[in-house]
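Residue-level structural notes
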Amino acid sequence: MSYKDVKRGLPQRDTRVFAVINQKGGVGKSTTVINLSACLGENKKKVLVVDFDPQGNSTSGYGIEKEELEHDIYDVILHDYPIENTIMETCEENVFIVPATIQLATAEIELVTAMARESVLKDAISKIKDEFDYVFIDCPPSLGLLTINALIAANSLLIPIQCEYYALEGVAKLLESMQMVKRRMNPELEIFGVLMTMFDSRTTLSKQVVDEVQSYFGKKMFKTIIPRNVKLSEAPSHGMPVIQYARVSKGSLAYMKLAKEVVARG
């Protein structure tokens, strides 16, 4: 199904726009964006992924050849290129993506002199978000201008936290930035959920970290916990979500469960 087919004749939606965010790298942001969006797509939800990380992991994780792209999210936010012209189909039905390339790395500097520089992403997404049930913004691992744009464009935060020592390190700064944006520019912004990733049931440390995060975030923490799983790590190199690469793996089953929890939360 093409993006134009999705667009045609759809009623307006009360779209949930997620900023998937943690300023620490390697905590499972892109893995969560790719696999949660795919599982929601299988649940007949219309999903848009906006890759807003210069590494472009969500783009390559969906099998898109970045060097063949004519336009991406960089052109949208810096050159006013229509976002609808960058939306691409993915290998997963009902899931579409606005891709990113390394070119986005220069956007942080170039946006400094731009008019309304903190809200360019929101302005772009607002033109098409009503055509989707969910929009996932894959944020870079920093709290710079790109991430501030994502916080202003979103109404919901999804925070992946790795089950490792110092898991909460930096989260306080993230929440401080969120509260600043909420007060000044985006009163709708709320924490939708905190997701524990890379859980190793064999270690006491993983269990201790889960308990620590649970005591900190309470009901905001998802009941679903994403395990360490080789198939989850392998799937992006094959350009597909884990539900296509290894459907009955532990990682795949966990993201299927998470998708149901997301839908149930509204």
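Just above sits the structure.
Fair warning: this is a prediction, and the values are worked out from it, not measured in the lab.

The rules we used
Residues numbered from 1 in each chain as written. Predicted model: local features only at pLDDT ≥ 70, side-chain atom pairs only at ≥ 80, totals over all residues. Heavy atoms only, no water. Helix = DSSP H or I, 4+ residues; strand = E, 2+ residues; numbered from the N terminus. Rg over C-alpha atoms; globule rule 2.2 N^0.38 Å. Buried < 20%, exposed > 50% of the residue type's maximum accessible area, 1.4 Å probe, protein only. Contact = heavy atoms within 4.5 Å. Areas by Shrake-Rupley, 256 points an atom, 1.4 Å probe, with all protein chains shown as cover. Lys, Arg positive; Asp, Glu negative; His and termini not counted. Charge placed at Lys NZ, Arg CZ, Asp CG, Glu CD. Pairing = 2+ DSSP bridges. Axes fitted to C-alpha atoms, helices over the stretch in contact; angles between N-to-C directions. Parallel < 35°, antiparallel > 145°, perpendicular 65-115°, else oblique. Nonpolar A, V, L, I, M, F, W, Y, C, P; charged D, E, K, R; others polar. Right-handed = clockwise from strand over helix to strand, strands pointing away. Expected span 1.5 Å × (residues − 1). Disulfide = S-S within 2.5 Å. Phe/Tyr/Trp six-rings, centres within 6.5 Å; stacked < 30°, edge-to-face > 60°.

On to the overall build of the protein chain. Within the protein chain, the regular secondary structure consists of twelve helices and eight strands. Relative to the compact-globule value of 18 Å for 266 residues, the protein chain shows a C-alpha radius of gyration of 17 Å, a close match. For the protein chain, the C-alpha atoms occupy an extent of roughly 50 × 40 × 35 Å along the three principal directions. Scored against the burial criterion, the 266 residues of the protein chain give a buried share of 55%. Across the protein chain, the fraction of contacts at a sequence separation of at least 24, relative to all contacts at a separation of at least 6, is 79%. In the structure as shown, the protein chain presents an accessible area of about 12,100 Å², 50% of it carried by carbon and sulfur atoms. Positive and negative side-chain charges in the protein chain, numbering 31 and 34 respectively, have mean positions lying 8 Å apart.

The next subject is unusual backbone geometry. The phi torsion at Lys44 lies on the positive side, around 70°, for a residue other than glycine. Take Lys44: it is sitting in the loop between helix H2 (29-42) and strand E2 (47-51).

So, about the sheet that holds strand E5 (residues 134-138). Overall, mixed pairing links the eight strands, which are arranged E3-E4-E2-E5-E1-E6-E7-E8 in an open sheet. With partners counted over all chains shown, the strands left at the sheet margins are strand E3 (88-89) and strand E8 (221-227), one partner each. In the packing of helix H12 (residues 250-265) onto the sheet, contacts are made with strand E1 (16-20), E5, strand E7 (190-199) and E8, and the angle to E8 comes to roughly 165°.

A word on the packing of H2 against H12. How two helices pack is summed up by the angle between their axes together with the distance between the axes. One can describe the packing of H2 onto H12 by two numbers: an axis separation of 9 Å at closest approach and a directional angle of 70°. On the basis of the axis angle, H2 is roughly perpendicular to H12. Across from Thr31, Thr32, Asn35, Leu36, Cys39 and Leu40 in H2, the residues of H12 making contact are Tyr255, Met256, Leu258, Ala259, Val262 and Val263. Considering only residue class, the contact of H2 with H12 consists of nine nonpolar, three polar and no charged.

Counting buried positions over the seven residues of E8 gives five, a clear majority of the element. Judged from the three bridges that link them, E7 and E8 form a sheet pairing that is parallel. The partner of Met196 across the bridge, within E8, is Ile225. Crossover E7 to E8 through helix H9 (residues 204-217) is right-handed.

It is worth spelling out H2 at this point. Relative to the 20 Å expected for 14 residues at 1.5 Å per residue, H2 spans 20 Å between its end C-alpha atoms, a close match to the ideal helical length. With twelve of 14 residues buried, H2 lies mostly within the body of the structure. If you check which residues of H2 are buried, you get Lys29, Ser30, Thr32, Val33, Ile34, Asn35, Leu36, Ser37, Ala38, Cys39, Leu40 and Gly41. Just downstream of H2 lies Lys44, where phi reads positive at about 70°.

The full count for this structure, using the stated rule, is zero disulfides. Not engaged in a disulfide, the cysteine Cys39 finds its nearest cysteine sulfur in Cys91; these two sulfurs lie 12 Å apart.

Here we come to the packing of aromatic side chains. Scanning the entire structure with this criterion turns up eight aromatic pairs. Judged by centre distance (6.1 Å) and plane angle (25°), the ring pair of Phe18 and Tyr134 falls under stacked. With Phe18 in strand E1 and Tyr134 in strand E5, this pair connects stretches of sequence that are 116 residues apart. Phe18 sits in the buried class, given a relative accessible area of 0%. A residue is classified by how much of its surface remains accessible, and Tyr134, at 6% relative accessible area, is buried. Counting every residue linked through ring pairs, the aromatic cluster contains Phe18, Tyr134, Phe136, Phe192 and Phe222.

Purely spatial values, then, with no claim about function.
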